[in-house]
Amino acid sequence: MTQTWDINGAEISSRLFLGTAGYSSLDALRQSIESSTPGLITVSLRRENAAGKGQSFWNIIKEFDIPVLPNTAGCYGVEEAITTAEMAREIFDTNRIKLEVIGDDYTLQPDPYGLLLATEKLIDKGFEVYPYMTDDLVLAQRLVDLGCNILMPWGSPIGSGRGLNNIYALRQLRERFPDKTLVIDAGLGAPSHAAQAMEMGYDAILLNTAVAKAGDAPLMAGAFAKAIEAGRAAYLSGIIAKQEHATPSTPLLDKPFWHQEKS
Amino acid sequence: MINIDTLNDTETIIIDVRQPEEIEADPLQNKLIKTQPINIPLPELPDRLTELRKDKRLAFICAGNIRSVQAIQYLSEKGYDNICVLDKFSV
């Protein structure tokens with residue numbers, strides 16, 4: 001079932017994107033990457049440069065031949081996010097940037113106004129922006145108008161494990177932007193949340209806390225990978241519509257198929 | 001703003017301005033933090049100024065650095081000058 005897919009011209013091997021923050025150990029991080037083989041690995045420049053982890057963290061990232069998606073985690077101002085993105089481009093030699101501009105400290109909700117300003121400036125500077133956003137339809141349209149081909153709405157607040165808080169809004173995004181790459185980013189807790197999003201037609205899932213803080217991170221990473229594949233397969237298969245009443249799975253009772261009239 | 005690896009724990013008091021339930025869900029865990037941070041939720045800060053010493057450096061931490069900035073803005077108006085934000089994203 002695992003097939004490569006295309007994201008803005010780059011061939012990606014998995015629909016799971018894995019964050020690298022908050023693991024109990026570097027070994028747990030390494031094993032989680034091994035067990036889930038993510039398509040992209042996200043890295044917070046600020047966190048990993050500052051946390052005293054030294055070279056060992058970067059060595060693990062280099063071990064795997066997986067593209068890195070740098071992020072601007074922890075930025076709550078436009079200029080700060082732009083500076084972080086420019087530093088990331090130099091270090092990782094990639095124009096990709098997962099853009100986070102945080103607007104509220106209690107929910108870590110992205111700031112829609114700051115996000116638009118930063119997106120516009122970064123696209124002008126040649127970045128391929130992966131905007132971390134709320135599930136707001138108008139904001140999504142504005143980001144697309146600015147040139148975003150990828151949108152990353154939250155499922156729920158970062159690290160909350162609540163799953164998909166607003167199914168209606170997320171369905172609207174999928175329906176209204178059928179040609180854009182949509183990635184659920186943040187708030188998932190259980191693999192079933194990821195499967196649910198993939199069954200709705202989302203293109204990929206970005207995870208961090210749900211794996212990093214699980215009792216057994218590598219096991220959970222593998223579980224998410226399977227759920228994402230299952231959800232994608234279900235979406236492609238065509239899920240039956242819900243109905244109010246039962247429909248017999250064997251509609252022609254007492255009449256074997258070899259006695260049925262051919263139409 | 002300071003990073004955790006530049007924190008000198010013996011000279012700095014860490015004030016965590018998150019709500020208790022946030023701290024319970026996401027406790028500060030870093031080997032560079034050797035003394036227990038003091039929890040003063042941001043809304044309680046005006047009523048708990050007597051707990052904040054002016055002869056020590058005070059480093060404020062929260063979830064996304066926004067409340068910490070608000071805390072030091074408030075305290076600078078109250079005459080505190082040895083205060084800073086401890087970058088949560090460095091912990």
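Here, residues in each chain are numbered from 1, in the same order as that chain's written sequence. Note on labels: chains are lettered from A, ligands numbered from 1, in written order. Thresholds applied to this predicted model are a pLDDT of at least 70 for local features of residues and 80 or more for the giving and counting of side-chain atom pairs; totals over whole chains, interfaces and linings are not thresholded and use all residues. Each side-chain value is worked out from all heavy atoms of the structure, with water and hydrogens disregarded.

A. Broad picture of the sheet that holds strand E1 (residues 12-16) of chain B. Residue and element names in this part refer to chain B. Whether two strands pair depends on DSSP finding at least two bridges between them. Labels follow the DSSP assignment, with helices taken as runs of H or I lasting at least four residues and strands as runs of E lasting at least two, numbered in each case from the N terminus. Strand order in this open sheet of four strands is E2-E1-E3-E4, and the pairing throughout is parallel. Two strands lie at the open edges of the sheet, namely strand E2 (38-39) and strand E4 (83-85), each paired on one side alone. Note: E1 against E2, two bridges, orientation parallel. Of the residues in E2, the one forming a bridge with Ile15 is Ile38.

B. Representation of the nonpolar core. Residue and element names in this part refer to chain A. Residues belong to a common nonpolar core when they are buried Ala, Val, Leu, Ile, Met, Phe, Trp, Tyr or Cys residues joined through side-chain atoms within 4.5 Å. Each residue is placed in one exposure class: buried if its accessible area under a 1.4 Å probe, protein chains only, is under 20% of its type's maximum, exposed if it is over 50%, and partly exposed if it falls in between. Of all hydrophobic cores here, the largest spans 60 residues; its most connected members are Leu151, Ile205 and Leu207. When residues in this core are grouped by element, the largest group, six residues, is from helix H4 (residues 78-92). Here a residue-residue contact requires only that any non-hydrogen atoms of the pair lie within 4.5 Å. The contact partners of Leu151, leaving out residues within four places of it in the chain, are Pro131, Met133, Ala140, Leu143, Val144, Phe177, Thr181, Leu182 and Val183.

C. Structural context of the packing of aromatic side chains. Two rings belonging to Phe, Tyr or Trp (six-membered ring only in the last case) form a pair when the distance between their centres is within 6.5 Å. Interplanar angles under 30 degrees mark stacking, angles over 60 mark edge-to-face geometry, and anything in between is tilted. Taken as a whole and assessed by the stated rule, the structure comprises three aromatic pairs over all chains. Ring centres 6.3 Å apart and planes at 10° place the aromatic pair A:Trp5 and A:Phe17 in the stacked group. Here the residue A:Trp5 occupies a position in strand E1 (residues 5-7), and A:Phe17 occupies one in strand E3 (residues 16-19), the gap between them amounting to 12 residues. Residue classification places A:Trp5 among the buried residues on the basis of a relative accessible area of 8%. By relative accessible area, which is 0% here, A:Phe17 ends up buried. Ring-pair connections join several aromatic residues into one group, and the members of that group are A:Phe57, A:Trp58 and A:Phe92. In this structure, B:Lys54 packs its charged tip against the face of B:Tyr80, placed 4.9 Å from the ring centre. Whether a charge lies above a ring is judged from NZ of Lys or CZ of Arg, which has to be within 6 Å of the ring centre and within 35 degrees of the ring normal.

D. Molecular detail of the environment of A:Cys75. All names here are of chain A. By the element assignment, Cys75 lies in the loop between strand E5 (68-71) and H4. Relative accessible area serves as the criterion here: at 0%, Cys75 is assigned to the buried category. Spatially, the C-alpha atoms of Cys75 and Gly103 are 9.1 Å apart, while their sequence positions differ by 28 residues.

E. Representation of the interface of chain B and chain A within the structure. Across the contact, 19 residues belong to chain B and 15 residues belong to chain A. Of the roughly 1400 Å² buried between chain B and chain A on both sides combined, carbon and sulfur atoms contribute 52%. When the buried area of chain B at its contact with chain A is split by residue, B:Ile66, B:Arg67 and B:Phe89 rank highest and sum to 44% of it. Only one rule defines a salt bridge in this text: a Lys or Arg side-chain nitrogen within 4 Å of an Asp or Glu carboxyl oxygen. The interface formed by chain B and chain A includes one salt bridge. When two parts are put together, the accessible area they lose, computed with a 1.4 Å probe and summed over both, is reported as buried area.

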